[in-house]
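If you want the building blocks of each chain, they are given just below.
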Amino acid sequence: MEKIILTGDRPTGRLHLGHFVGSLKRRVELQNSGDYDKIFIMIADAQALTDNADNPEKVRQNVIEVALDYLSVGLDPAKSTLFVQTHVPELTELAFYYMNLVSVSRVQRNPTVKTEIQMRGFEKSIPMGFFSYPVSQASDITAFRATTVPVGEDQAPMIELTREIVNRFNNIYGPTLVEPEIMLPDASVCMRLPGTDGKAKMSKSLGNCIYLSDSPKEVKKKVNSMYTDPEHLTVDSPGHLEGNCPFIYLDAFATDEQVHRFNPDFESLDDLKARYVKGGVGDGTVKKILIGVLEELLAPIRERRAYWEQRIPEVYEILRTGSETAREQAGKTLDEVRAAMKIDYFADQDLIKEQAARYKSKK
Ligand code: TRP
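Just so we're clear, the structure is a prediction, and the values are computed from it rather than from any experiment. (Residues numbered from 1 in each chain as written. Predicted model: local features only at pLDDT ≥ 70, side-chain atom pairs only at ≥ 80, totals over all residues. Heavy atoms only, no water.)

## As for the overall build of the protein chain
Along the protein chain, the regular secondary structure elements total 17 helices and 5 strands. Buried positions account for 51% of the 363 residues belonging to the protein chain. The long-range share in the protein chain, meaning contacts at least 24 apart out of those at least 6 apart in sequence, stands at 74%. If the 46 positive side-chain charges of the protein chain are averaged to one point and the 53 negative ones to another, these points end up 5 Å apart. (Helix = DSSP H or I, 4+ residues; strand = E, 2+ residues; numbered from the N terminus. Buried < 20%, exposed > 50% of the residue type's maximum accessible area, 1.4 Å probe, protein only. Contact = heavy atoms within 4.5 Å. Lys, Arg positive; Asp, Glu negative; His and termini not counted. Charge placed at Lys NZ, Arg CZ, Asp CG, Glu CD.)

## Topic: the layout of surface pockets
By volume, the largest pocket is sized at about 1600 Å³. As for the largest pocket, its lining consists of 50 residues, of which His19, Glu116, Asp154, Gln155 and Lys201 are closest to the centre. Counting residues per element, the ones that place at least two in the lining of the largest pocket are β1 (4-9), α1 (17-33), α6 (111-119), α8 (133-143) and β4 (148-150). (1 Å grid on protein atoms, 1.4 Å probe; cavity = no way out; pocket = protein on both sides within 12 Å on 5 of 7 lines; lining within 4 Å. Points joined across faces, edges and corners; volume = space filled by probe spheres on them.)

## Topic: unusual backbone geometry
Of note, the phi angle at arginine 145 is positive, near 55°, even though the residue is not glycine. Mapped onto the elements, arginine 145 comes out in the loop between α8 and β4. Located in the positive-phi region is lysine 342, a residue other than glycine, with phi close to 65°.

## Overview of the nonpolar core
Of all hydrophobic cores here, the largest spans 59 residues; its most connected members are Leu17, Tyr249, Leu250, Phe253 and Leu272. In terms of residue count, helix α15 (residues 283-309) provides more of this core than any other element does, 9 residues in total. Once you skip the residues sitting within four places of it in the chain, tyrosine 249 turns out to touch Leu17, Leu193, Pro194, Gly195, Thr196, Met202, Ile210, Met226, Ala254 and Leu290. One finds Phe83, Val102, Val151 and Val337 within the second-largest nonpolar core, a separate group that totals 41 residues. (Core = buried A, V, L, I, M, F, W, Y, C linked by side-chain atoms within 4.5 Å.)

## Some details on the packing of helix α11 (residues 216-224) against α15
Put simply, α11 and α15 touch, their axes get as near as 10 Å, and they point 150° apart. By the angle between their directions, the pair α11 and α15 is classed as roughly antiparallel. Considering only the axes of α11 and α15, their crossing is right-handed. Across the interface between the two elements, Pro216, Val219, Lys220, Val223 and Asn224 of α11 pack against Lys287, Leu290, Ile291, Leu294, Glu295, Leu298 and Arg302 of α15. Per-class residue counts for the contact of α11 with α15 are 7 nonpolar, 1 polar and 4 charged. (Axes fitted to C-alpha atoms, helices over the stretch in contact; angles between N-to-C directions. Parallel < 35°, antiparallel > 145°, perpendicular 65-115°, else oblique. Left-handed = near helix turned anticlockwise from the far one by under 90°. Nonpolar A, V, L, I, M, F, W, Y, C, P; charged D, E, K, R; others polar.)

## Topic: the pairing of β1
On any regular strand, side chains alternate: one points to one face of the sheet, the next to the other face. Counting buried positions along β1 yields 5 of 6 residues, so the element is predominantly enclosed. As judged from the 6 bridges shared by β1 and strand β2 (residues 38-43), these two strands associate in the parallel manner. Note on β2: the bridge partner recorded for leucine 6 is phenylalanine 40. Where the polypeptide runs from β1 across α1 and back to β2, its parallel neighbour, the crossover connection is right-handed. (Pairing = 2+ DSSP bridges. Right-handed = clockwise from strand over helix to strand, strands pointing away.)

## With respect to the site of the ligand
The full set close to the ligand counts 13 residues, and Arg10, Gln47, Gln137, Asp140 and Gln155 are the nearest of them. Here an oxygen atom of the ligand sits 3.2 Å away from a polar atom, N or O, in the side chain of arginine 10. Protein chains bury 90% of the 370 Å² of accessible surface belonging to the ligand in isolation. Judged by the proximity of its atoms to the pocket grid, the ligand belongs to the largest pocket. Its residues assigned to classes, the shell around the ligand shows 6 nonpolar, 5 polar and 2 charged. (Near = heavy atom within 4 Å. Polar contact = N/O pair within 3.5 Å; in protein donor to acceptor, adjacent residues only side chain to side chain. Areas by Shrake-Rupley, 256 points an atom, 1.4 Å probe, with all protein chains shown as cover. Sits in = over half its atoms within 2 Å of the grid points.)

## Remarks on the pattern of salt bridges
For the structure shown, the criterion picks out 24 salt bridges. Glutamate 295 serves as the salt-bridge partner of arginine 302, at 3.0 Å between the closest nitrogen and oxygen. Both residues of the pair, arginine 302 and glutamate 295, belong to the buried class. Linking glutamate 324 and arginine 320 is a salt bridge whose minimum nitrogen-to-oxygen distance equals 2.9 Å. Note that glutamate 324 and arginine 320 are positioned in helix α16 (residues 312-340) at a spacing of 4 residues, about one turn of the helix. (Salt bridge = Lys/Arg side-chain N within 4 Å of Asp/Glu carboxyl O.)

## Here we look at the state of the cysteines
Under the criterion given, the structure shown has 0 disulfides. With no disulfide partner, cysteine 209 has as its closest neighbouring cysteine sulfur the one in cysteine 245, 12 Å distant. (Disulfide = S-S within 2.5 Å.)

## Section: the packing of α8 against helix α9 (residues 156-173)
Their axes nearest at 9 Å, the elements α8 and α9 cross at an angle of 70°. Put simply, α8 runs roughly perpendicular to α9. The handedness of the crossing between α8 and α9 comes out as right-handed. Touching Tyr133, Pro134, Val135, Gln137, Ala138, Ile141 and Thr142 of α8 are Met158, Ile159, Leu161, Thr162, Ile165 and Val166, all from α9. Along the lines of polarity and charge, the residues of the contact of α8 with α9 split into 10 nonpolar, 3 polar and no charged.

## Quick notes on the packing of aromatic side chains
Going through the model one piece at a time under the given rule, you end up with 11 aromatic pairs. Between tyrosine 98 and phenylalanine 169, the ring centres sit 6.2 Å apart and the planes meet at 75°, which makes this aromatic pair edge-to-face. Of this pair, tyrosine 98 sits in helix α4 (residues 90-98) while phenylalanine 169 sits in helix α9, and the two are 71 residues apart along the sequence. Accessibility classification places tyrosine 98 together with phenylalanine 169 in one group, the buried group. Three or more aromatic residues joined by ring pairs make a cluster, and in this case those are Phe40, Phe83 and Phe144. It is lysine 3 that lies over the ring of tyrosine 36; its NZ or CZ is 4.8 Å from the centre. One residue, arginine 14, lies across the ring of tyrosine 211, its end atom 4.3 Å from the ring centre. (Phe/Tyr/Trp six-rings, centres within 6.5 Å; stacked < 30°, edge-to-face > 60°. Lys NZ or Arg CZ within 6 Å of the ring centre and 35° of its normal.)

Coordinates in, geometry out; function isn't part of it.
See the structure below:
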């Protein structure tokens with residue numbers, strides 16, 4: 001069986017460091033590993049519209065932002081198919097068939113959907129489209145026969161639902177669909193990069209993100225205002241590492257070599273931590289190292305972004321041809337799905353003959 005990856009993002013904002021550790025870095029590694037036959041990376045604009053129906057301009061603007069972020073982290077259209085969800089209408093068709101295989105209560109129990117309903121104030125009145133997006137996500141994954149879906153842990157309920165739909169479909173209509181596996185980010189520290197304010201997650205609405213497209217000045221300013229240890233009042237007082245943002249970020253991004261190179265007083269990250277805990281290391285010292293580490297990561301990303309920002313028509317062309325390739329692949333799956341579901345009336349010559357013969361013999 002072919003090894004196929006499908007994953008994607010809602011285009012509702014520029015991508016940030018949380019996306020980088022949670023998914024983008026991994027995607028580039030997977031792309032360059034050569035272990036996969038096909039890789040599809042989707043800009044999920046249809047899904048973005050499920051809770052932004054009244055703000056189409058926001059989605060439209062962010063399609064290009066996300067595409068630029070993809071290209072700038074090193075996703076390569078020669079190796080990965082970058083495409084736009086709305087331009088593969090087969091996905092919508094497939095989602096409609098899947099809705100027959102999922103109960104309302106099943107989606108109501110989805111913890112990610114539950115949280116989102118609360119966050120968006122949808123309790124009183126949930127848009128149908130929003131409510132059914134987990135089903136649409138199952139269609140995104142299975143239309144490409146994806147075997148592997150690299151996503152954050154908040155997406156686990158979606159993959160679980162997808163597997164259930166695949167099993168139901170294959171049971172009712174015969175073996176047609178491929179059951180996907182989730183691929184979670186590896187190091188547990190990287191699973192949820194907190195915002196610069198120490199809150200659980202980087203989120204645009206909380207204004208606590210470091211964006212991949214931030215300038216060196218913006219990065220510096222954001223790191224310098226990061227939440228640290230409120231009890232670490234003077235350089236000499238002992239510090240705590242738990243919930244201390246600069247240290248969490250160093251865990252996620254820094255090597256010992258970098259820590260030593262950016263401040264030769266310290267041998268390694270553990271050395272820095274031990275001395276901070278003991279007392280005698282100021283937050284500014286830690287932050288300065290982190291700024292160096294982040295700049296080393298972000299500089300090449302920024303450079304590639306600047307390159308593509310000057311070639312916007314080419315970026316749209318990449319998305320257009322990617323969407324064509326994606327359509328071809330999804331189209332093949334849809335042909336098989338329609339045959340399995342017995343709605344392939346005009347493609348099935350036997351059906352036409354059978355029906356004709358039935359009525360002839362009646363005469
Ligand atoms: N729900 C994902 C997110 O919010 C985006 C997405 C849509 C997706 N369809 C997908 C991810 C299919 C993986 C597979 O980030």
